[in-house]
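Take a look at the letters that make up each chain.
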Amino acid sequence: MVENKSNIVDKRYDGSAGLDNKGVDKSDGSAGLDNKGVDMSGEKGSYKPGAKGADKPGAKGADKPGCKGADNPDTLRVLNQQVNWENMYFYQKADVIYQLSFAFCERFIHLYKDRTRDQVIQAARSCKQNIVEGLADGVTSTEMQLKLINVARASLKELREDYEDYLKSRHLRFYVAGDERYDAMLGYCRHHNRLADYEPFFTSWSDEEMCNCALTLCHMTDKMLMSFLQKLEREFISEGGIKERMYRARTGYRQQQDARLKELEGEVVRLRGVEAQLTRLKALETELTRLKDAEKLVAALQQEAAAARSECKRWKAAYEDLKRRALKAFYENKAEIERLKKIVGEEE
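What you see is a predicted model; the values in this text were computed from it and never measured.

Rules of the game
Residues numbered from 1 in each chain as written. Predicted model: local features only at pLDDT ≥ 70, side-chain atom pairs only at ≥ 80, totals over all residues. Heavy atoms only, no water. Core = buried A, V, L, I, M, F, W, Y, C linked by side-chain atoms within 4.5 Å. Buried < 20%, exposed > 50% of the residue type's maximum accessible area, 1.4 Å probe, protein only. Helix = DSSP H or I, 4+ residues; strand = E, 2+ residues; numbered from the N terminus. Contact = heavy atoms within 4.5 Å. Salt bridge = Lys/Arg side-chain N within 4 Å of Asp/Glu carboxyl O. Axes fitted to C-alpha atoms, helices over the stretch in contact; angles between N-to-C directions. Parallel < 35°, antiparallel > 145°, perpendicular 65-115°, else oblique. Left-handed = near helix turned anticlockwise from the far one by under 90°. Nonpolar A, V, L, I, M, F, W, Y, C, P; charged D, E, K, R; others polar. Expected span 1.5 Å × (residues − 1). Polar contact = N/O pair within 3.5 Å; in protein donor to acceptor, adjacent residues only side chain to side chain.

A. Up close: the nonpolar core. Counting 55 residues, the largest nonpolar core has Phe90, Ile131, Tyr163 and Tyr198 as the members making the most contacts within it. Secondary structure elements with two or more residues in this core: α1 (89–108), α2 (116–137), α3 (142–169), α4 (180–191) and α5 (207–239). The leading source of residues in this core is α5, at 13 residues. Non-local contacts of Tyr198, meaning those with residues more than four positions away in its chain, are made with Lys93, Val96, Tyr188, Cys189, His192, Asn193, Trp205, Cys213 and Leu217.

B. Just the pattern of salt bridges, in detail. One pass over the full model with this rule turns up 14 salt bridges. The residue Asp179 makes a salt bridge to Arg181 at a minimum N-O spacing of 3.8 Å. Under the relative-accessibility criterion, Arg181 is labelled partly exposed at 33%. Between Asp321 and Arg324 there is a salt bridge whose closest N-O contact spans 2.7 Å. Here Asp321 and its partner Arg324 are both found in helix α6 (residues 242–332), three residues apart, which amounts to about one turn of the helix. Classification of Asp321 by relative accessible area gives partly exposed; the value is 30%. Its relative accessible area of 47% is what places Arg324 among the partly exposed residues. Salt bridges sharing common partners tie together Arg153, Lys157 and Asp222.

C. Focus on the packing of α1 against α5. Orientation of α1 relative to α5, taken along the N-to-C sense of each, is 155°, at an axis distance of 9 Å. Comparing the axis directions of α1 and α5 gives the class roughly antiparallel. Where α1 crosses over α5, the handedness of that crossing is left-handed. Along its contact with α1, which presents Tyr89, Phe90, Lys93, Ala94, Val96, Ile97, Leu100, Ala103, Phe104, Arg107 and Phe108, the element α5 presents Asp207, Met210, Cys211, Cys213, Ala214, Leu217, Cys218, Met220, Thr221, Met224, Leu225 and Phe228. When the residues that make up the contact of α1 with α5 are grouped by side-chain class, the tally is 19 nonpolar, one polar and three charged.

D. Region of the structure containing α4. With 12 residues, α4 extends 17 Å between its outermost C-alpha atoms, agreeing within 8% with the 16 Å of an ideal straight helix rising 1.5 Å per residue. Those residues of α4 lying buried are Tyr182, Met185, Leu186, Gly187, Tyr188, Cys189, Arg190 and His191. Turning to α4, the residues buried within the fold contact α1 and α5. Looking at where α4 begins, the residue whose side-chain oxygen comes 2.9 Å from the main-chain nitrogen of Arg181 is Asp179.

E. Up close: unusual backbone geometry. Phi is positive for His171, close to 55°, though the residue is something other than glycine. Classification of His171 as partly exposed rests on a relative accessible area of 45%.

Dropping the structure here:
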């Protein structure tokens, strides 16, 4: 018996299945996705209906769109880092959703009788392409990145609505929490992100299985995209957009130049002081040389004075000797002198 879910809200979308705001099923506590859309659990799924599929959880990628350290003069930058979207789990799931949707339309929706075919394919494509364009635009414009990522979410919600309408209009079953197929499908979708993990089933799954798998992937991708938008919001609040980064980088560079200019001006003042000291030192060296020359002259004059004193002493000694000999001769010939004086006096 097929259960009609046209008036029942799928439990996966009202929170009763344990999905948190990061697109992580916490009902069994077995897995977690971080706020970059990266599966951090490392567990392997078990849902492999129809054929054996390879268990290849997507490579763990780390996106860094933020301009970290933009206020640090040593790491000034205007452009955000380019994200490799192929490593982003929500992009990998979006790629799976598009290929699954295309295969679904090829198998179950008539090419000409149902316009839903084009709507489903275009909505799935819009989700994937806007993720790529948004992440690429994020290099310069956080605003465009936010808008395009949200456009991807809107396309995803439109696609999800088409799949729900398909199940409702054809009275097919919605897989809900507690259903064995739901739990197996949820575990598989949580831990598998690459197209190669799903493509082998595109030709064997029924339309009911493909719809429910697509709905599960849409909901998980939507949660991861919303978490990524919240991360971008926090980065925008803390770091600003392209204009703030340009202003911050430009003013930071100017501040660096001003600081360098002040440093050089201080260096010039210091060098001028050194130059003045060198000039003073040269003057002192010249004065020292002059004093040394004067000292030599004084020494020479002192030597000449000593020689003059020695010569004076010699002449004084000769004078004294001559005086002594003259006096001695005078006293020795005093009587003769007196006699000669008398003779001279008598003759006159």
